[in-house]
Every structure is written in C-alpha cells, then in structure tokens.
Amino acid sequence: MTIRVLVAEDQSAVRAGLVLILRSAPDVEVVGEAPDGEAAVRLARELRPDLVLMDVSMPRLDGVSATRQVVAEGLADVLVLTTFDLDEYVFGALRAGAAGFLLKNTEAHELLQAVRTVARGEGMIAPAVTRRLIAEFAGTAPARAVGAPDPAVLDALTRREREVLECLGEGLSNAEIAVRLSMAEATVKTHVSRLLGKLDLRSRVQAAVLAQELGI
C-alpha cells in the first residue's frame with residue numbers, strides 16, 4: 001500500500017529535505033507541499049492524503065490550529081514536527097487530535113518509520129522519548145490548568161478496555177499490548193477503536209495522555 005503524504009513546512013529548505021527523504025521510500029508518495037497552515041488545510045481538503053506531516057510553527061495558521069481543522073474534518077492523520085522536545089505547542093497538537101509528533105532532528109529512517117506507523121493507525125507513542133514527553137505533557141501542560149479529567153469517564157469502559165487504555169498510557173504498540181494481555185493483535189485494535197469512541201477521543205495518543213492524567 002502506498003502512503004500518500006502532504007508535507008506542511010514553512011522553511012523551503014527543510015521542506016525540500018523532508019520531501020527528498022519521503023520520496024526515497026518506495027511505499028511513500030508525496031502528493032503535495034504546503035508553506036503555511038492555511039495551505040495545509042486547503043490542500044488536505046483537495047488531495048485527501050493519508051497523512052499530513054505538519055510543522056508546529058508556521059505563518060498564517062499555526063500547526064496546532066491546522067491540525068485541529070484537518071482532524072475535525074476527517075481529512076487525514078497528522079504527524080507533527082517540532083524543533084523542541086518539550087514545546088508547549090506539541091501538547092496542543094496532541095489535544096487537537098494529532099496521531100503523534102517527531103523532532104525535526106529525527107534521522108531519515110526514523111521519519112519513514114514514523115510515517116508508516118501512523119499510517120497503520122498505531123500513533124507515534126512507542127519510542128521511549130515519546131513516552132517521556134507524553135508523561136511530561138500530562139503533568140505540565142497549560143491545558144491541565146482547567147482541571148484534570150473526571151475519573152468517571154472510565155465507567156463506560158469494560159475491564160478489558162481499561163487494561164488496554166493502561167497499556168496505551170505506557171506507550172505500548174498494538175503488538176506489545178497483544179503480548180502483555182495475551183490476545184490477538186486484531187482484538188487489540190478492536191478494543192482501541194471502541195475505547196476511543198466511548199471516551200470521545202480522536203487518537204490513541206490522546207488516550208495515552210488521558211491515561212497519564214488519570215494515573216491509571
């Protein structure tokens with residue numbers, strides 16, 4: 001399966017480098033390039049890519065706002081790029097429904113792996129660095145100031161779904177969850193989909209943040 005990617009990055013040299021890396025992979029097709037957030041949303045509507053590689057800091061419309069629009073309209077999954085490993089905007093992007101994020105100094109093979117992972121619906125929460133960042137965001141993000149989530153939201157989940165949510169909070173992949181809970185990977189995917197729906201979440205990364213915030 002070919003993964004269709006839209007690259008949104010305001011720095012032309014960086015954008016060209018990302019496009020070059022992506023086009024080096026036989027299973028990835030770059031279908032468009034956007035120099036700002038507004039263009040990213042417009043092109044996502046026109047091209048309907050599988051994934052938008054979104055810079056978090058862009059003119060006209062920032063990456064967080066652009067991510068929110070792309071996800072809300074169901075146009076594509078979003079993988080956010082940031083320069084800073086603890087950038088407050090990254091948390092905003094995750095809250096907006098981004099499937100994950102990468103640092104801009106990520107190696108080429110890691111970028112391609114991230115694109116493939118998100119395209120599979122896994123979300124970029126497996127690497128240890130992402131687990132650490134999710135934990136940090138859950139405890140320090142400005143969004144937390146409005147109050148922690150109500151633990152009662154978990155009442156709608158079955159025991160198995162709560163176990164899966166706990167694993168998501170640890171940053172485990174579907175394959176890792178399947179091993180830990182002794183179930184088929186396809187069953188894990190079903191549980192993830194159901195708990196996202198019950199909790200009104202857009203991505204497994206949001207579920208991971210919620211699990212961290214609730215301390216489960």
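Computed from a prediction, not measured in an experiment: that's the story for all the values here.

**What to know about the sheet that holds strand S5 (residues 100-103)**
Part 1: Pairing in this open sheet of five strands is parallel, and the strands run S2-S1-S3-S4-S5 from one edge to the other. The sheet is open, and its two edges are formed by strand S2 (28-34) and S5, each paired on a single side. Neighbour-to-neighbour, the strand axes of this sheet turn through a mean angle of 25 degrees, independent of strand direction.
Part 2: Where strand S3 (residues 51-55) lies against strand S4 (residues 77-82), five bridges are found, and the strand directions are parallel. Residue pairing for S4: aspartate 55 is matched across the bridge by leucine 81.
Part 3: Lying over the sheet, helix H3 (residues 63-72) contacts S3 and S4, oriented at roughly 165 degrees with respect to S3.

**Focus: the nonpolar core**
Part 1: With 27 residues, the main nonpolar core has Ala8, Val52, Met54, Val70, Val78 and Val80 as its most contacted residues.
Part 2: Put simply, the parts of the chain that give this core at least two residues each are strand S1 (3-8), helix H2 (37-47), S3, H3, S4, helix H4 (88-95) and helix H10 (204-214).
Part 3: Ignoring any residue separated from it by four or fewer positions in sequence, one finds valine 70 in contact with Val41, Ala44, Val52, Met54, Leu75, Ala76 and Val78.

**Considering unusual backbone geometry**
Peptide bonds are mostly trans, and most non-glycine residues show a negative phi.
Part 1: Despite not being glycine, arginine 60 shows a phi value in the positive range, around 70 degrees.
Part 2: Mapped onto the fold, arginine 60 is located in the loop between S3 and H3.
Part 3: Although it is not a glycine, serine 182 adopts a positive phi angle of roughly 55 degrees.
Part 4: Inspection of the secondary structure puts serine 182 in the loop between helix H8 (174-181) and helix H9 (185-199).
Part 5: Here serine 182 falls in the exposed class, since its relative accessible area comes to 65%.

**Comments concerning helix H7 (residues 159-169)**
Part 1: Considered for burial, the residues of H7 that qualify are Glu161, Val164, Leu165, Cys167, Leu168 and Gly169.
Part 2: In this structure, the buried residues of H7 make contact with H8, H9 and H10.
Part 3: In the segment just after H7, glycine 171 is the residue with positive phi, at about 80 degrees.

**Some remarks on the pairing of S1**
Part 1: Of all six residues making up S1, five are buried, and the element is well covered by its neighbours.
Part 2: With six bridges joining them, S1 and S2 adopt parallel strand pairing. Note on S2: the bridge partner recorded for valine 5 is valine 30.
Part 3: Note that the unit made of S1, helix H1 (residues 12-23) and S2 has a crossover that is right-handed.
Part 4: Relative to S3, S1 runs parallel, the two sharing four bridges. Across the sheet, the residue bridging to valine 5 is leucine 51, located in S3.

**Topic: the confidence of the model for the protein**
Part 1: Per-residue confidence for the protein gives a mean pLDDT of 84, with 84% of residues at or over 70.
Part 2: Taken as a whole, residues 141-146 scores under 50 in pLDDT and shows seven contacts with residues more than four places along the chain or in a different chain.

Rules used throughout
Residues numbered from 1 in each chain as written. Predicted model: local features only at pLDDT ≥ 70, side-chain atom pairs only at ≥ 80, totals over all residues. Heavy atoms only, no water. Pairing = 2+ DSSP bridges. Helix = DSSP H or I, 4+ residues; strand = E, 2+ residues; numbered from the N terminus. Axes fitted to C-alpha atoms, helices over the stretch in contact; angles between N-to-C directions. Contact = heavy atoms within 4.5 Å. Core = buried A, V, L, I, M, F, W, Y, C linked by side-chain atoms within 4.5 Å. Buried < 20%, exposed > 50% of the residue type's maximum accessible area, 1.4 Å probe, protein only. Right-handed = clockwise from strand over helix to strand, strands pointing away. pLDDT = per-residue confidence, 0-100.

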